[in-house]
Amino acid sequence: MYEGPRVLRENAPMTEDYQELIDEISALLGAPATLENRDFELIAFGAYDSESELDEASLDPVRTRSILTRRSTPAVRAWFEGFGITRATGPVRIPRTPEAGVYRARICLPVRHRGVVLGYVWLLAGEPGPTDEQLAAAMEVASRIGALLADEAQVGADLSREFRAVLTAERGWQQDMAVAELRTELGPRGEGPHAVVCVAPWPSADPDDAPSVRTVPGATALCTLPWGASGQALALLVRLRATDALSPATSAAVRLLREAEETRTAAGGTPGGATGRGTPAAGVSGARGGLAELGSAWREASAAARAVLAEPRLGPVAEWSAVGPYRLLTALPPQAAQDPAVRALLEPSHRDLARTAEVFLDCAGQAGRTAAELGIHRQTLYYRLSRVEQLTGLDLDDGEDRLLLHMALKAARL
């Protein structure tokens, strides 16, 4: 069953939003609709009223790429703009052009506010097609979309500065002032539960090279922050419908990771491969009832991202509540991993021994499971564990020694 529109609705703010408006247009015209901003970045797409809309013709290459990647290529943008959509004040009909990847005709409804084009609503033209009265009603909805886009552009124009100030301010009066300023700028959008998303490392050293917050459903603010010695992390504030429903934040994290991967690939990396900045990961904080605790929410989100980078099996997106011991380990200073007892074991020459010890402890000390996991004979396992005890001076039959070794090995991953 097709689930795309439902997911987008879960991510949307609780006030009148793009998804509700684009669904209203789809219902008015009886045709699937999509909403893009003026840079051809997908914001929302409407529900399908029948399975017949899901045939191969409706999902032509242009539409498929727009929905899957949430953007169109410069060539596609130039082609559509050639029909005068940037200047139009009413519906523009665009014929089917298979050689351009457009297998079905389109109707474009320019989204304007005070004469300025801010986006486009796209409809797949069917037979007999919408009447002039239906299109006029749809244009009225498009004008409401334009007002919403204009309002967000005005309110969110400089929110990266306010959001960054909240996340970096020292606890106390400085953070209180930063929160108050962000709350004032957000207005009603600052009310209700929120979560913070961290994507790191973000594949650009330019602090201004970040996606538009308006292209991420449910997002209210976005900024970049220093990560490591010279990298950047992306921070996103996402509004939730309830404190026990983090799906809007996790969906936003997935989308940002996809965009980060596309940026890495465009910069010369390979999908999923290593580049100078490494494969990014994402962390999601626990829900917060308001804006006052965004500093601690950011620490949770960045800690969850660090946990994924240390333990990829937790990701690529991890909620802070699901990273287990890394909730504690990420709060420790970096030198905590260098406990004198395990320092020798962490040397590169003993990598196999360290891995053996970690898997043994992950398997709760069960020799059979450990040997199977490592693909080695039990006698080989026992020999390696004896070498671990010799190097560390720890007794693996002692619970406290096991705990120290286990935590030190996990901390070393960070």
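Since the model is a prediction, treat every value here as computed from it, not as a measurement.

Rules used throughout
- Residues numbered from 1 in each chain as written.
- Predicted model: local features only at pLDDT ≥ 70, side-chain atom pairs only at ≥ 80, totals over all residues.
- Heavy atoms only, no water.
- Helix = DSSP H or I, 4+ residues; strand = E, 2+ residues; numbered from the N terminus.
- Buried < 20%, exposed > 50% of the residue type's maximum accessible area, 1.4 Å probe, protein only.
- Contact = heavy atoms within 4.5 Å.
- Areas by Shrake-Rupley, 256 points an atom, 1.4 Å probe, with all protein chains shown as cover.
- Axes fitted to C-alpha atoms, helices over the stretch in contact; angles between N-to-C directions.
- Parallel < 35°, antiparallel > 145°, perpendicular 65-115°, else oblique.
- Nonpolar A, V, L, I, M, F, W, Y, C, P; charged D, E, K, R; others polar.
- Core = buried A, V, L, I, M, F, W, Y, C linked by side-chain atoms within 4.5 Å.
- Pairing = 2+ DSSP bridges.

Peer 1: Sorry, what's going on with the overall build of the protein chain here?
Peer 2: A tally of regular secondary structure across the protein chain gives 14 helices and ten strands. Looking at the protein chain as a whole, 48% of its 414 residues qualify as buried. In the protein chain, 63% of the contacts between residues at least 6 apart in sequence involve partners at least 24 apart. Carbon and sulfur atoms make up 52% of the accessible area of the protein chain, which totals about 19400 Å².

Peer 1: Could you clarify how one ought to interpret the packing of helix H12 (residues 367-374) against helix H13 (residues 378-392) in this entry?
Peer 2: Relative placement of two packed helices is described by the angle separating their axes and the distance separating the axes. Between H12 and H13, the least distance of the axes is 9 Å, while the angle of their chain directions is 100 degrees. Between H12 and H13, the angle falls in the class roughly perpendicular. Facing H12, whose interface residues are Ala367, Gly368, Thr370 and Ala371, H13 presents Arg378, Leu381 and Tyr382. Classifying every residue of the contact of H12 with H13 gives four nonpolar, two polar and one charged.

Peer 1: What is the right way to look at the nonpolar core in this model?
Peer 2: Within soluble globular proteins, side chains that are nonpolar tend to cluster in buried spots. Counting residues in hydrophobic clusters, the biggest one holds 25 residues, and the most contacted among them are Phe163, Leu167, Leu182, Cys198, Leu237, Leu294 and Trp298. Listing elements by their share of this core, those giving two or more residues are helix H6 (159-168), helix H7 (173-186), strand E6 (194-202), strand E7 (219-227), strand E8 (231-239) and helix H9 (294-310). Sort the elements by how many residues they give to this core and H9 lands first, with five residues. Once you skip the residues sitting within four places of it in the chain, Leu294 turns out to touch Phe163, Val166, Leu167, Leu182, Val196 and Leu237. Formed by 24 residues, the second largest nonpolar core is a distinct cluster that contains Ile25, Ala44, Ile107 and Leu135.

Peer 1: What is the right way to read the sheet that holds strand E10 (residues 317-319) from this model?
Peer 2: Sheets are built from strands paired through backbone hydrogen bonds, the pairs being either parallel or antiparallel. Sheet architecture is open: five strands sit in the order E7-E8-E6-E9-E10, paired in mixed fashion. Every other strand in the sheet has two partners, leaving E7 and E10 as the edge strands with one partner each. Each strand axis lies, on average, 20 degrees off the axis of its neighbour in the sheet, ignoring direction. Relative to strand E9 (residues 281-284), E6 runs antiparallel, the two being bridged by four bridges. Counted as the bridge partner of Val199 is Ala282 from E9.

Peer 1: Just checking my understanding: could you explain the pairing of E6 for this structure?
Peer 2: Along a regular strand, successive side chains alternate from one face of the sheet to the other. Most of E6 sits inside the fold, with nine of its nine residues counted as buried. With seven bridges connecting them, E6 and E8 associate as antiparallel partners. Residue pairing for E8: Val199 is matched across the bridge by Leu234.

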